[in-house]
Amino acid sequence: MLTATEVQQKNPGSRLYEAAGIEIVIRSPESQHWDLYIDARRQKPADARKMLMANVLFPSRDDLDRLLERKPALQTKLENLIINLVAPELKPLIDSDDHVGAQMAECDGVRFHLRSPTRKEFDAFEDGSKISYSNAATRLVTACLLSPDLPTFDAANEAKPGLKIALCGHLLQMAGADLEFTEKK
């Protein structure tokens, strides 16, 4: 039987974590698996969790199941560890210095310049997100992306599959989703 350290060494890019004597080795989900997780978590959260748990390389599936029976809240901790592997380090929106009226968000050293979505684009996003949130987010981001070019976006999104979701969040903010109304008396 392999140890956690040996499993990590045999899986380049995997991460080894330890807490209270429990060792866990996880890998980052591939982009297409991440998209399936994002879409499944809205309709079947339990199935989505199982998909995400496939990225736990150590302990074995049976040992992990026994561990989760004893410590069920550990599943949320593991989900968060895996999500952090795909989540980009995204800075807050600021005014774009390259495109008038646009906003810019830096992510892992790449500056993404975005224009606000149109009403038609927002409506298409909402309709599309009922079928596939990942695809709808990709379409919205690529429609509103002023720079860098699409191959650069695709490469950055492949490296950090959570990028399109994060940028989509910024676009929704730009579209007014973050506005909070208070009643005037």
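Residues numbered from 1 in each chain as written. Predicted model: local features only at pLDDT ≥ 70, side-chain atom pairs only at ≥ 80, totals over all residues. Heavy atoms only, no water.

### Some thoughts on the overall build of the chain
When helices and strands are tallied, the chain shows nine helices and seven strands. For the chain, the spread of C-alpha atoms along the principal axes amounts to about 60 × 40 × 30 Å. Summarising the internal contacts of the chain: among those between residues at least 6 apart in sequence, 59% fall at separations of at least 24. Carbon and sulfur atoms make up 52% of the accessible area of the chain, which totals about 11300 Å². (Helix = DSSP H or I, 4+ residues; strand = E, 2+ residues; numbered from the N terminus. Contact = heavy atoms within 4.5 Å. Areas by Shrake-Rupley, 256 points an atom, 1.4 Å probe, with all protein chains shown as cover.)

### Some remarks on the sheet that holds strand β2 (residues 22-26)
If you trace the three strands from one edge of the open sheet to the other, you get β1-β2-β3, paired in antiparallel fashion. Because the sheet does not close on itself, it has two edges, and the strands there are β1 (15-19) and β3 (56-58). Across the sheet, the mean angle from the axis of one strand to that of its neighbour is 35 degrees, orientation sign disregarded. Bridge count between β2 and β3: two bridges; the pairing is antiparallel. Bridge pairing in β3 places isoleucine 26 opposite valine 56. The strands that helix α5 (residues 74-86) touches are β1, β2 and β3; relative to β2, the one it contacts most, it runs at about 35 degrees. (Pairing = 2+ DSSP bridges. Axes fitted to C-alpha atoms, helices over the stretch in contact; angles between N-to-C directions.)

### What to know about helix α6 (residues 119-129)
Residues of α6 that are buried include every one of Glu121, Phe125, Gly128 and Ser129, and no others. Burial along α6 is one-sided: seen end-on, the buried residues are contained in an arc of 95 degrees. Exposed residues pointing more than 90 degrees away from the buried face of α6 are listed as Arg119 and Lys120. Where the residues of α6 are buried, they touch α2 (31-43), α7 (133-144) and α9 (163-174). (Buried < 20%, exposed > 50% of the residue type's maximum accessible area, 1.4 Å probe, protein only. Arc of directions from axis to C-beta.)

### Quick word on the confidence of the model for the chain
Looking at the chain as a whole, its pLDDT mean stands at 92, while 100% of the residues score no less than 70. Within the chain, the lowest mean pLDDT, 83, falls on helix α3 (residues 45-53), and the highest, 98, falls on strand β7 (residues 145-147). (pLDDT = per-residue confidence, 0-100.)

### Focus: the nonpolar core
Ranked by internal contacts, the top residues of the largest apolar core, which has 41 residues, are Val56, Leu78, Phe112, Phe125, Tyr133, Leu167 and Cys168. No other element matches α9, which puts seven residues into this core. Leave out the neighbours within four places in its chain, and cysteine 168 touches Phe125, Tyr133, Ala137, Leu140 and Val141. (Core = buried A, V, L, I, M, F, W, Y, C linked by side-chain atoms within 4.5 Å.)

### Some words on the pattern of salt bridges
One pass over the structure, following the stated rule, counts six salt bridges. We note a salt bridge from arginine 66 to aspartate 63, for which the minimum N-O separation is 2.3 Å. With arginine 66 and aspartate 63 both in helix α4 (residues 61-70) and three residues apart, this pair spans about one turn of that helix. Put simply, arginine 111 and aspartate 97 hold a salt bridge, and the shortest N to O gap is 2.5 Å. Residue arginine 111 is found in strand β6 (residues 110-114), and its partner aspartate 97 is found in the loop between β4 (94-95) and β5 (103-107); the two are separated by 14 residues along the sequence. A residue is classified by how much of its surface remains accessible, and arginine 111, at 34% relative accessible area, is partly exposed. (Salt bridge = Lys/Arg side-chain N within 4 Å of Asp/Glu carboxyl O.)

### Structural notes on a negative patch on the surface
On the surface, Glu30, Asp149, Asp154 and Glu158 cluster together into a negatively charged patch. Its location among the elements puts glutamate 158 in helix α8 (residues 150-159). (Patch = residues over 30% accessible without salt bridge, like charges linked within 9 Å, V, L, I, M, F, W, Y side chains within 5 Å. Lys, Arg positive; Asp, Glu negative; His and termini not counted. Charge placed at Lys NZ, Arg CZ, Asp CG, Glu CD.)

### Some thoughts on the packing of α8 against α9
Angle between the axes and distance between the axes: these two values describe a pair of packed helices. Closest axis-to-axis distance for the α8/α9 pair is 8 Å, and the angle between their directions is 115 degrees. Here α8 contributes Phe153, Ala156 and Asn157 to the contact with α9, which in turn contributes Leu163, Lys164 and Leu167. Each residue belonging to the contact of α8 with α9 can be placed in one class, and the counts come to four nonpolar, one polar and one charged. (Nonpolar A, V, L, I, M, F, W, Y, C, P; charged D, E, K, R; others polar.)

### Observations concerning the pairing of β1
Pairing geometry for β1 and β2, over five bridges, is antiparallel. Note on β2: the bridge partner recorded for tyrosine 17 is isoleucine 24.

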